[in-house]
Amino acid sequence: MIDIALAKVDANIKMFEAYRPTPSTLATLASLRVERAELVAHAADSSSKLSYAASMWLFEMPAWGYSGT
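As the structure is a prediction and not an experimental result, all values here were calculated from the model.

(A) Focus on the nonpolar core. Ile2, Ala5, Leu6, Val9, Ile13, Phe16, Leu29, Leu32, Leu39, Trp57 and Leu58 together form the largest nonpolar core, which totals 11 residues. At the level of secondary structure, the elements contributing two or more residues to this core comprise helix H1 (2-17), helix H2 (23-44) and helix H3 (52-59). Counting residues per element, this core draws most heavily on H1, which supplies six residues. Residues in contact with Ile13, not counting those within four places in the same chain, are Leu29, Leu32, Arg33 and Arg36.

(B) Representation of the confidence of the model for the protein chain. Here the protein chain averages 85 in pLDDT, while 86% of its residues score no lower than 70. Summarising per-element confidence for the protein chain, the mean pLDDT is lowest in H3 (84) and highest in H2 (94).

(C) Structural detail: the pattern of salt bridges. Within this structure, the stated rule accounts for two salt bridges. Salt-bridge contacts for Arg36 lead to Asp10; the nearest nitrogen and oxygen are separated by 2.4 Å. Taken as a pair, Arg36 in helix H2 and Asp10 in helix H1 lie far apart in primary sequence, 26 residues in all. Across the pair Glu17 and Arg33 runs a salt bridge whose closest N-O atoms are separated by 2.6 Å. Taken together, the residues Glu17 in helix H1 and Arg33 in helix H2 connect sequence positions 16 residues apart.

Reading the values: the criteria
- Residues numbered from 1 in each chain as written.
- Predicted model: local features only at pLDDT ≥ 70, side-chain atom pairs only at ≥ 80, totals over all residues.
- Heavy atoms only, no water.
- Core = buried A, V, L, I, M, F, W, Y, C linked by side-chain atoms within 4.5 Å.
- Buried < 20%, exposed > 50% of the residue type's maximum accessible area, 1.4 Å probe, protein only.
- Helix = DSSP H or I, 4+ residues; strand = E, 2+ residues; numbered from the N terminus.
- Contact = heavy atoms within 4.5 Å.
- pLDDT = per-residue confidence, 0-100.
- Salt bridge = Lys/Arg side-chain N within 4 Å of Asp/Glu carboxyl O.

This is the structure:
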């Protein structure tokens, strides 16, 4: 499940990296990278807490750029 969540985040990071760098795009990229780091930490230590946004990648976030879901 973590692998799918990471693939979704990675696909979204790649998609936003392709956009013109506006303040909004850069803020979204920063948020995605923080959420990805939280997921990686959680995979290494399941007792680590996930933020609400990071936990949504496990359950609800759409896979805009990911065709594996």
